Amino acid sequence: MVEKRSGKDIPKSMRVVLSAPISSSLALLICLGLVGRSRAQVDTTISRQESLSVELPCPVNVDKCGKLHSLNWFKGDDRIAAMLLGESNVTSVDKEFDKRVTVKQNPYSLVIQDLKIADEDIYLCDTTFFIPEETCDNFNGYRIELRVLVPPTEVVILDAKGDRIENGSSVGPMQERQSLKATCTVKNTRPQPEVGWFRGTKRLTTYSPTHDLNNGLYTSTLELDWPLSREDLAQDIECRVKSAAIPNTTVSKFRVDLQVRPTSIDINGVKHHTVQGSKVVLTCDIHGARPAVNLTWYNSTTVISPSENDMTEIRIKSFEKNDGTYHTQSELIFNATRFENDRAFRCEAENAVLQINREKPISSALTLEVLYPPVVKVSPSDIITKTSEIVLLNCEYVANPASLTKVEWFRNDDLVNVNDSSHYKGGNSENVALVIRSTERDDIGNYSCQLSNTIGKGISDQKINLDVHYVPIVEILMIPEGPVKESDESNVTLFCNVLDANPLALTKVRWYANSTLLKELPDCEETREDLCHIDPSKLLLESIGRGFFYNYSCEGFNSAGWGPRSEDKELMVHYEPGPSTLTHFPLVAVKKKSVTFSCSVDDPGYPDTNRYRWMRGGRGPLQDIVTKDWTVEPVGLDSRTNYSCFAYNEGGRGVMATVSLEVHAPPFFIKNLPPYTGVLHSSPNATLTCRIECVPRCEISWQKDGEPIEKNDTRYFVKEKYMEASPATGDFESMLSVLHFNMPNWPLAKFDIEADNANYSCVSTGNTVGASIRSRTYFGIEYAPENITVSENVVFVQEDTIPGRVICKSRANPEPSYKWFFKNETIANGNALIINKAMERKDNGTYTCLAYNKHGTSIAETVIEVQFKPRCEIERREIDDQDTLICTAFGNPVESDFSWSIKADNETVEVLDSGDKKSFLEKSFYVLQADYAISRTYRCVANNTIGSGTFCEIEVAAASSLLIWWQEQLAWWQLWEKNTLIILVAAIMGLLLTVIIICCIIICICRRRRRQDKLHGKSSSLGEPLTEPGEYENLPFHGLQTAPNKPLNANSFEDEFIYADLESQHYGPINYKAASLYSQVKKNKKSGALDELK
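Residues numbered from 1 in each chain as written. Predicted model: local features only at pLDDT ≥ 70, side-chain atom pairs only at ≥ 80, totals over all residues. Heavy atoms only, no water.

What about the pattern of salt bridges?
As a reminder of what qualifies: One speaks of a salt bridge when a side-chain nitrogen belonging to Lys or Arg is within 4 Å of a carboxyl oxygen belonging to Asp or Glu. Note on classification: 1.4 Å probe, protein chains only; a residue is buried when its accessible area is under 20% of the maximum for its type, exposed when over 50%, partly exposed between these limits.
Considering all chains together, one arrives at 42 salt bridges under this definition. For aspartate 114, the salt bridge identified is with lysine 116, shortest N-O distance 3.4 Å. Classification of aspartate 114 as partly exposed rests on a relative accessible area of 36%. Exposure remark for lysine 116: the relative accessible area of 38% places this residue in the partly exposed category.

Rendered as structure tokens:
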């Protein structure tokens, strides 16, 4: 045998420990395998994670190399396992690996369980073949590099202070240009990992990593010292770890909260210029800052604050961009005025980065040009002059643009016509000032200047007050102004009122009466010092009377001189008329007519009077009557009073005159008789009343049918009363008369409903102002409805037709009302019962007419018979020993005629007779033949006066001989009545029940005697049962088998023993002594006798 070995060098030291004794051939194989080994390249590399199992393959190509003799497994230079192939297939594993290493074949491989770090090495599978083939290429064995993988326990990032930075967290804030220092540590891993710092796809420049090896595990550390810049905004700083021990790159990252300076600031909004009053929006945009900037607006050097100006608004908003910086936008909103013209608006911004580094804020400015209309100022503020003098009015302004398009002057807000060159000079765009060549009183006023440019117009806020003095124009005023009443003895003050003057104050006044000078005030003569220091425009006239009736006027004096005299004004003095005289016609007034009063005076007073005041009953004066004549119409009770009058004018009222008016009333009914008076004929009392107003007094009498009722007529008596006047109703004095019907003196003490109906009248006498009057009433005797009748007591109507009307009549006073009822429901109002629908069977019945008035009711009835064709029913009964068919008709009228027939199978009909009605109106009896042999269909039809109904049928089966015989046998009991049959059946049932009870008693007695005989004739020592079969059958434990009293022989199961309760064939209590005796005997199979056991 030739051994093939690998060219690997033999190691200097080798330990081979076999787990079991091996043959000398295997030992020789191992020795040969160690010879001539040399270094060679690895054929394959296998990586597997620690604590897992790994299978190292050993490829063997039998076709190329021949039959395999043996193989050895080497770990580095140490052999750890060997396999000798043959019949026994002996395998040997080094003791160090025997629990974890297994050698397999088919295919050949080495399996290592629970992989450890120390297992990492180059493994050699060295094969030996019996006769190697020339084509074999496996002389050097098969080398496998096994790498044990251990994933890192953790990847830790530490900051410069050594504090841990959690994965995905954020650090900072930090500022640009600041150095970021961090350490990434990969702990306890194998193989040595590859560690790097990255920002996105860019690898950051760092120092080389350090690797510490401890117990075969690496701990790698890589430090980062990175200057931060704007490029690091919104970027993750990642520590990436690559290793064969992990399937994917492990990334631990964090983000830097980086603060950066703003990169740009821009201000825009107004490109060229704006106009005063326009809304200006200046926008300031700051980019690239983190955190967002704080922004301030300046007007030149002054900070703009919205809180100090309600018309200014600042809006600020910030947007975070994708790179983490902020775009801050601020809008300054205000209304442009002339004060913002040529002003530089500046936007200034800074954030924490600029503040910490003490750098200046960034800013941007925009100079604003505001176009505005002229701002005008006039001077001087006040000018005082006299008429016919020259006056200069100055006007100054500022504007953008400065050139004017229009100049206007206003006096008291009215436009001045500066084109009147005779009176004005200037007042145009070349010469804005205005010159008044010669002043007049019309020039007085407040002057303002309005200038216009291309933007708009402006008017001066101040005005020039031009005052031109001139003489006064006056008028007379009086207080009180109207006429003065002499009776008041009042004072009148005259005022010399200035209508037009400048100045308005009067220094002197001259007073005139009827164009004659009365006085010039003030009067400063030595004797009249009290008139020196007074207001000369007032003159007091005391205790005005008729002597002050003049025309007054005045003249005024001021710094310009005496003015013209005023127009005359009359002072009017009023005084009252003289005494009044009062008359009336007619002298005696009549109710409901008129009376006219006349009032007159001799002295009309001033002004002449034509107005009068009237009083009635001491009340007044009446406001609506002011004439000298007053007509009272109509005259009533309230007219019977005192009347007064007096004349009056603006000077007062004259002396009053008074008269008393007498009023009479003609006869008039206050209460007359009603046209109709109804009284119940059985009423116990009745009266008629009338009341007549009349002044002077009149008398009342009563009449019946135009004839006076005598005072000696005992059927009547009259009561009268004189009634005083009633102011509440306006009635004068009146007579009340009541006619009483003395019912006890009437025949039968009640009214006759026919004879006592009459016309009664109440009649009065006349008086001085009216004729006699009368009132009449018809006195009707009333009674409840009676003698009520109906036109038809019974109404016959066919079904589905409409019946005729039924009229209900009754006698009553007042006339009765009618209602019709059917089944307690109102079906009609009025005396006629009219039914407009087709009648149905359910409408059959009694209809009630109710007549009623206020005194009572009465009823009458009519019956409506709804008639219809009959229908029939057939029944079969045994009557007088005959099989009989009974046909019953149901119709209205009830009485019907019948017709019987037989319908054969071929639909032919055999007409029979009408049957026997016997004493019935609605039934027909037909006796069947007793010997018919075929089935037949019997038909019956009924008809009444309305018509024929429909057929009714009954099927009659053919009669058999047996049935006929049975009918003959049953004939004797069918003759009995039903009650007799019931009594007979009850008697038979009672007899049967008595027999059953007697039999039960006899059975119980017999059983009891039988048991007593057995007890006396048997001995319990023989084991005979002491109870009778069935004695315990009704007990609750019946059916439960009792266990034998003697154990069975285990070797023999033949039933040769008699048990204590077997012979009795029942289960229940037994005599224990008898059971003991039974256990000592044996039953003979042949004779059945009991033999004692020996």
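Structural notes on the state of the cysteines
Here is the rule we go by: In this description, a disulfide is simply a cysteine sulfur pair whose atoms lie within 2.5 Å. Helix and strand labels come from DSSP, where a helix needs a run of H or I of at least four residues and a strand needs a run of E of at least two; each type is numbered from the N terminus.
Tallying each qualifying case throughout the model produces 13 disulfides. With a sulfur-sulfur separation of 2.2 Å, cysteine 496 is cross-linked through a disulfide to cysteine 554. Every disulfide takes its handedness from the sign of the S-S torsion; for cysteine 496 and cysteine 554 that torsion is 85°, giving right-handed. Remark: cysteine 554 occurs in strand 44 (residues 551-558) and cysteine 496 occurs in strand 40 (residues 492-502); sequence separation between them is 58 residues. Considered together, cysteine 496 and cysteine 554 belong to a single accessibility category, that of buried residues. A sulfur-sulfur distance of 2.1 Å marks the disulfide that ties cysteine 694 to cysteine 698. Negative torsions about the S-S bond denote left-handed disulfides, and the value of about -95° found for cysteine 694 with cysteine 698 makes this one left-handed. Across the pair, cysteine 698 and cysteine 694 agree in class, each one buried.

A look at the confidence of the model for the protein
Which entries qualify depends on this criterion: As a per-residue measure, pLDDT reflects the predictor's confidence and takes values from 0 up to 100. Any two residues having at least one pair of non-hydrogen atoms within 4.5 Å are treated as being in contact.
Confidence along the protein averages 83 in pLDDT terms, with 86% of residues attaining 70 or more. Ignoring residues within four places in sequence, the model shows residues 1-39, a span with pLDDT below 50, making 92 contacts including any to other chains. Low confidence marks residues 1018-1078, where pLDDT is under 50. Its contacts with residues over four positions away, or in another chain, come to 58 contacts.

A closer look at a nonpolar patch on the surface
As a reminder, the rule being used: A residue counts toward a patch only above 30% relative accessible area and without a salt bridge, and it is joined to like-charged neighbours within 9 Å or, for Val, Leu, Ile, Met, Phe, Trp and Tyr, to nonpolar neighbours within 5 Å. In short, Shrake-Rupley with a 1.4 Å probe defines the accessible areas, and a residue's cover is counted only from the protein chains shown.
Together, Leu984, Val985, Ile988, Met989 and Leu992 give the surface a local cluster of nonpolar side chains, amounting to about 460 Å² of exposed area. By the element assignment, isoleucine 988 lies in helix 6 (residues 978-1017).

Re the pairing of strand 50 (residues 595-601)
Where we set the bar: Any two strands with at least two DSSP bridges between them are considered paired.
Burial along strand 50 is one-sided: Val595, Phe597, Cys599 and Val601 are buried, and none of Thr596, Ser598 and Ser600, which face the opposite way, are. With 4 bridges connecting them, strand 50 and strand 52 (residues 629-632) associate as antiparallel partners. Within strand 52, the position partnered with serine 598 by the bridge is aspartate 629.

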